[in-house]
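# Structure assessment
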Amino acid sequence: MQLHHIPLDQLKISPLNMRHSRRKPKVDDILPSIRQRGIIQPLLVKPNGKPDHFDIYAGRRRFFAMKAIAKDAGNNPVLPCLVLDKNEDVDAVEASILENTARVGPDEMEQYTAFKRLADKGRSVDEIADTFGVTELTVKRRLALANLLPAIRKAYADEDIDGRTVTALTLATKEQQAEWVALFESEETHAPRGSQLKAWLCGGEHITTDTAIFAIEDYSGVILSDLFDENGVFADADLFWSHQNAAIAQLRDGYVEQGWSDCEVLDRGQYFARWDHVAATKKQGGEVFIEVRDNGEVTAHEGYITEAEHRRREKQAAGKGDTAAAPAKPELTGPAQDYVALHRHTAVRTALLSDPAVALRLTVAHMIGGSALWQTKPHRASTGQEATIESVRQSTAHTAYDTERKAILELLDFEVADHAVTRANGDDWRVGEIFAKLLTLSDTDIMRVLTFVMAETLESGTCVIEQVGCHLAVDMAGSYAPDDAFFDLIRSKSLIGAMLAEVGGKKVADANVSATGKVQKGIIRDCLTGANDRTKVDWLPGYFRFPLESYTPGGAGRPSVNAERAAQIAASPGE
């Protein structure tokens, strides 16, 4: 390398110069100094094959400053230059990059161009990284920009697109890049950029690998990786959620096994309302709430109880409230409990029609013990939910019951109308007429009437319903099937999840653990009808089995209490 003074018109920027393709640089900051003192630091040049002509590898801004000065002065000054040997290409490129990097930090595209030139000259990734004091990962990312279409690299080099956009485009396939370039170059369409571009490339969902709580190696789908971020992006959001939901379900089960009183998975996108909760340890009955964001993030909020429960405990501590431990929250709402009780009631009293001996004994028990109904008045639907009443009316059990009602009315010479057989109006004339009629009937007919009246006066929502149903082994599968009224009344997320696991299996339930209750109910319906490629199953919810079966520690409320009482009585009769 030797120092020479070379005329300005014999110099030009080398294609290997780091900023060769950039626009003409601003030199206002160095012009005054060069006008006054000339060029002090020599340019780095190399013969370019043309006699007495040289390419500039380092000193681009000094060169353009001298061109501006020469234009104003109308002369052709000579510039001090260090002339490289013709075989020193790699060193020349390295010198150019080092000089430019020391002056102004290069952007990603400049690094890509410079690193690629060194790589083309045989320098390894680790050698390039050592030379410029960057990580090997940085070098690999910059070199990987070669995967971008030339039109995209040029747009970035020309500053027509920003760094966020070019970063997002490194996620794209060649086909997606070509589609984006077509949008970018069209005057009639808009090309998405930045975060919008990531959503465009990923079909609307941008879920990064750092949100996964499952082992990435278990994911069989494609993971897109841009060149500037540490985290990749899941290309198949549905496949991601199937893995993530399974991991969430495992996380939930783990908390329960650890002894937390409950662990609830919130609907995806629902925030945990911490302001409505108070901290409570595991020993204090605290619960865990798992929050699942739309971007895949999962957060477990450990040790909280509701404000209402906190106030109840404060009153209890002050001796102003119920000192008994708070019962577990029922899994069924009040209207849902009515729905279950009425369906069980109509199934049991219909089954009672086929066993007069049981009806007779039950009648004697009513006569001795009495009941809220043993004033000879028929049972009436005790709910304000019209949908529940209509559901019961449409059941096959009710149809069979109503057919027998009309037959009994005819047997007693009563007008066949929408009226109960039992008519407790306190009129002895009316009772005398009925007695006179009964005197004309056979023992078989009398037992038939007695059996029906017992069924008609059987009180709903009691442990007696459970006793009779279990004794008669009532199978409601033949008279009842879950309908819209039932699903509309089911609200508890834990209950819906447990039902889905029973109908579709734990794998299906875990795969949809963060889905909304509405979505989970839809899957249950699909399993019952065989829709949407689901295997059709026959399912009778535990609430309509004898004995009754609930799904969560809270039980079903009144129906569960009645079932427990019936079981206790059966276990210790006569006590």
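Below is a short write-up of the structure.

Basis of the calculations
- Residues numbered from 1 in each chain as written.
- Predicted model: local features only at pLDDT ≥ 70, side-chain atom pairs only at ≥ 80, totals over all residues.
- Heavy atoms only, no water.
- Core = buried A, V, L, I, M, F, W, Y, C linked by side-chain atoms within 4.5 Å.
- Buried < 20%, exposed > 50% of the residue type's maximum accessible area, 1.4 Å probe, protein only.
- Helix = DSSP H or I, 4+ residues; strand = E, 2+ residues; numbered from the N terminus.
- Contact = heavy atoms within 4.5 Å.
- Pairing = 2+ DSSP bridges.
- Axes fitted to C-alpha atoms, helices over the stretch in contact; angles between N-to-C directions.
- Salt bridge = Lys/Arg side-chain N within 4 Å of Asp/Glu carboxyl O.
- 1 Å grid on protein atoms, 1.4 Å probe; cavity = no way out; pocket = protein on both sides within 12 Å on 5 of 7 lines; lining within 4 Å.
- Points joined across faces, edges and corners; volume = space filled by probe spheres on them.

For the rest of this paragraph, the subject is the nonpolar core. One recurring pattern in soluble globular proteins: nonpolar side chains tend to sit buried together. Counting residues in hydrophobic clusters, the biggest one holds 50 residues, and the most contacted among them are F486, W539, Y543 and F544. Those elements that place two or more of their residues in this core are α13 (334-352), α14 (356-369), α16 (396-411), α18 (443-456), α19 (463-471), α20 (484-489), α21 (493-504) and α23 (517-529). The biggest single contributor to this core is α13, with six residues. Every residue in contact with F544, bar those within four places of it in the chain, is listed here: Y339, V340, H343, R344, M476, Y480 and F486. In terms of nonpolar packing, the next biggest core, distinct from the first, is built from 22 residues, I30, I39, L43 and A65 among them.

Hydrogen bonds between backbone atoms are what pair the strands of a sheet, whose relative direction is either parallel or antiparallel. One open sheet holds the five strands; their spatial order is β1-β5-β3-β4-β2, and the pairing between them is mixed. Of all the strands in the sheet, the pair left with one neighbour each is β1 (2-7) and β2 (11-13). Between one strand axis and the next, the sheet turns by 50° as a mean value, whatever way the strands run. The sheet contact formed by strand β3 (residues 43-47) and strand β4 (residues 54-58) spans four bridges and is antiparallel. Within β4, the residue paired with P47 across the bridge is F54.

A full pass over the atoms with the stated rule returns 18 salt bridges. Salt-bridge contacts for K12 lead to D55; the nearest nitrogen and oxygen are separated by 3.0 Å. Here K12, found in strand β2, pairs with D55, found in strand β4; they are 43 residues apart in sequence, far enough to count as distant. Among the ionic pairs, D402 bridges to K406, the shortest N-O distance being 3.8 Å. With a gap of four residues between them, D402 and K406 both fall in helix α16, about one helical turn apart. Note on K406: relative accessible area 37%, which makes it partly exposed. Connected via shared salt-bridge partners are R252, D253, K506 and D510.

Before going further, it helps to spend a moment on the layout of surface pockets. Of the voids in this model, the largest pocket is the one considered here, and its volume is about 1,400 Å³. Forming the boundary of the largest pocket are 43 residues, of which D262, E264, E287, K329 and S494 lie nearest the centre. Residue assignment for the lining of the largest pocket shows that the elements contributing at least two residues are α11 (237-257), β8 (263-265), β10 (287-292), β11 (298-306), α12 (307-317), α21 and α22 (506-511). Of all the elements, α21 adds the most residues to the lining of the largest pocket, at five residues.

Read these as geometric descriptors, not functional statements.
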